[in-house]
Amino acid sequence: MGYFAKENVNKGRQPEIDCLKAFCIVCMILLHTYEDLATVPAGPLYAFLDFACIFLGAGAFMICMGIGMRYSRNQTPKNYLLRGFEILTVGQLLNLARNALPNLIAWWIKGEQIFIANSLLVIQADILSFAGIAFMLLALLKKLRVPDAAILLLGLAMNLIGLPLYNAMKSPSNFLLSQLLGYFVLTDAESYFPLCAYFFFVAFGYFIGGLYPRIADKEGLSTRVLLIGLPVCVAYYALRMNGLIPFLPEFGSDIAYVLNPGPDAVASCLASLVALAAFYKPRGSLMPGLLLPTLYGFFVLAACRFIIDWNEKYLHFGIVKLKNPKRAAAFIAIWVATVAVVAYAYPRIEVFATSWNNYLLP
């Protein structure tokens, strides 16, 4: 139908992909702001953010990451492996800064279990740890010369086994083992982004990314995607929200979000394609917001932008930009600190803090 060329013709930055990533980030930040800081009852804006993160959210962001891999200048297995380790290590630095350090200080001052328990969240299957491991897995698959279609099918198979495996498998009684396993499958530890569930989105993005540079008629293709994909998405989610697909977890539940089982994952991929097509048409626009939590969410974005600009202008600091031996020393220090926190906190914890018990918060 003339939508694709034989060679790459669609090069450079793709505005619609940037818009979708920005949309996902803004929605996730604002949703977490509402959930953690808002005292008012959930309203229409919260409902919109909640549904947006269910339809798109982390899954769509991972699809964009998979597409971006195909636009990278260096796509060797070695580069993917190093990139994955960098993401994993930066994620650990974040966990040290936001979980280990403040909670250990509070534990030393007050001696309350909630603080020492939350300090062990220095190890967790979060979105950055997932992204790092996904890069590493893709590096292995590329090294083995696995075709794109086979990578996509592998991702789908991993996703499909997630729910039955969770229902059949009992989490290990040892919390550290449960947490380690939680990086790959869902357990009762802090296992919010297990590899089995979310690698499908990266694989889908990677597959689509192989086609994206050859799109010769974006206008026509985006119109076709909207005309076909939007009604299918509306029909699927109408059935899903009304509980008419009984073998899936309750719509909007934590289990449904964490595992994105089978049809949900496929529908989310289709929703992401529809969103890309829609963003291509208007080139993207941000939603308005007036409530205090919404403003606070934008404040977080503005603060992050300021810090990034200030760092680039004056400090010029970045862990992954350090040269050896400073780079190696920084990476080693991050992991040594992680091991030290785990070794210190683990034997002192009576009840482990996870998302399943709201991190022991009242």
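Residues numbered from 1 in each chain as written. Predicted model: local features only at pLDDT ≥ 70, side-chain atom pairs only at ≥ 80, totals over all residues. Heavy atoms only, no water.

> What should I look at first to understand the environment of Phe 352 in this one?
Secondary-structure assignment places Phe 352 in the segment after helix H14 (326-345). For the pair Phe 352 and Ala 125, spaced 227 residues apart in sequence, the C-alpha to C-alpha distance is 15 Å. (Helix = DSSP H or I, 4+ residues; strand = E, 2+ residues; numbered from the N terminus.)

> Please explain unusual backbone geometry as it appears in this structure.
Across the chain, the bulk of peptide bonds are trans and the bulk of non-glycine residues have phi less than zero. In this model, Asn 324 is joined to Pro 325 through a cis peptide bond whose omega is 10°. In this fold, Pro 325 is placed in the loop between helix H13 (292-315) and H14. Backbone geometry places Asn 260, a non-glycine residue, at a positive phi of 40°. Its location among the elements puts Asn 260 in the loop between helix H11 (254-259) and helix H12 (263-280). Its relative accessible area of 8% is what places Asn 260 among the buried residues. (Buried < 20%, exposed > 50% of the residue type's maximum accessible area, 1.4 Å probe, protein only.)

> I would appreciate a short explanation of helix H2 (residues 44-55) in the present structure.
Every α-helical turn comprises 3.6 residues, leaving residues that sit three or four positions apart pointing alike. Over its twelve residues, H2 extends 16 Å from the first C-alpha to the last, a length consistent with the 16 Å expected when each residue adds 1.5 Å. Looking at the residues trailing H2, positive phi occurs at Gly 57, about 55°. (Expected span 1.5 Å × (residues − 1).)

> Got a minute to help me understand the packing of helix H3 (residues 57-71) against helix H9 (residues 195-211) in this structure?
In a packed pair of helices, the relevant descriptors are the angle between the two axes and the axis-to-axis distance. Direction vectors running N to C along H3 and H9 enclose 40°, while the axes themselves pass 7 Å from each other. Accordingly, the angle class assigned to the pair H3 and H9 is oblique. Crossing of H3 over H9 shows right-handed handedness. Contact with H3, carried on its side by Ala 58, Gly 59, Met 62, Ile 63, Met 65, Gly 66, Ile 67, Met 69 and Arg 70, involves Tyr 198, Phe 201, Val 202, Phe 204, Gly 205, Tyr 206, Ile 208, Gly 209 and Gly 210 of H9 and no other residues of that element. Class assignment of the residues belonging to the contact of H3 with H9 gives a composition of twelve nonpolar, five polar and one charged. (Axes fitted to C-alpha atoms, helices over the stretch in contact; angles between N-to-C directions. Parallel < 35°, antiparallel > 145°, perpendicular 65-115°, else oblique. Left-handed = near helix turned anticlockwise from the far one by under 90°. Contact = heavy atoms within 4.5 Å. Nonpolar A, V, L, I, M, F, W, Y, C, P; charged D, E, K, R; others polar.)

> Sorry if this is basic, but what is going on with the packing of aromatic side chains here?
Pairs of aromatic rings are described using the distance from one ring centre to the other and the angle between the two planes. Applying the stated rule across the entire model yields 20 aromatic pairs. Look at Phe 51 and Phe 55: their rings are 5.9 Å apart centre to centre, the planes differ by 10°, and that puts the pair in the stacked class. Residue Phe 51 and its partner Phe 55 are both found in helix H2; the two are separated by four residues, about one turn of the helix. Judged by its relative accessible area of 29%, Phe 51 is partly exposed. Plain terms: the ring middles of Phe 51 and Phe 251 are 6.2 Å apart, the flat faces sit at 25° to each other, and that makes the pair stacked. Separated by 200 residues along the polypeptide, Phe 51 in helix H2 and Phe 251 in the loop between helix H10 (218-241) and H11 bring together distant segments of the chain. (Phe/Tyr/Trp six-rings, centres within 6.5 Å; stacked < 30°, edge-to-face > 60°.)

> Help me out: how do you make sense of the packing of helix H6 (residues 127-143) against H9 in this one?
Contact geometry for H6 and H9: axes closest at 10 Å, N-to-C directions at 60°. Taken together, the axes of H6 and H9 lie oblique to each other. In the crossing of H6 with H9, the sense of the turn from one axis to the other is right-handed. In this structure, H6 uses Phe 130, Ile 133, Ala 134, Leu 137, Leu 138, Leu 141 and Lys 142 to contact H9, whose residues at the interface are Leu 195, Tyr 198, Phe 199, Val 202 and Tyr 206.

> I tried to follow a nonpolar patch on the surface on my own but got confused; where do I start?
Together, Phe 306, Ile 307, Trp 310, Tyr 314, Leu 315 and Phe 317 line one region of the surface with nonpolar side chains, adding up to about 710 Å² of accessible area. With respect to the helices and strands, Phe 306 occurs in helix H13. (Patch = residues over 30% accessible without salt bridge, like charges linked within 9 Å, V, L, I, M, F, W, Y side chains within 5 Å. Areas by Shrake-Rupley, 256 points an atom, 1.4 Å probe, with all protein chains shown as cover. Salt bridge = Lys/Arg side-chain N within 4 Å of Asp/Glu carboxyl O.)

> Teacher, can you tell me more about the pattern of salt bridges here?
When the charged atoms of two side chains with opposite charge come close together, those side chains can pair. Within the structure shown, the criterion is met by ten salt bridges. Residue Glu 86 is joined to Arg 327 by a salt bridge in which the shortest nitrogen-to-oxygen separation is 2.3 Å. Linking Glu 86 in helix H4 (residues 77-110) with Arg 327 in helix H14, this pair joins segments that are 241 residues apart in sequence. Residue Glu 86 is classed as buried on the basis of its relative accessible area of 14%. Of the charged contacts, one joins Asp 264 and Arg 240 as a salt bridge, the two residues approaching to 2.8 Å between their closest N and O atoms. Of the two residues, Asp 264 is situated in helix H12 and Arg 240 in helix H10; the sequence distance between them amounts to 24 residues. Of the two residues examined, Asp 264 and Arg 240, each falls in the buried class. Several salt bridges share partner residues, and in doing so they unite Arg 13, Asp 18 and Lys 21 into one network.

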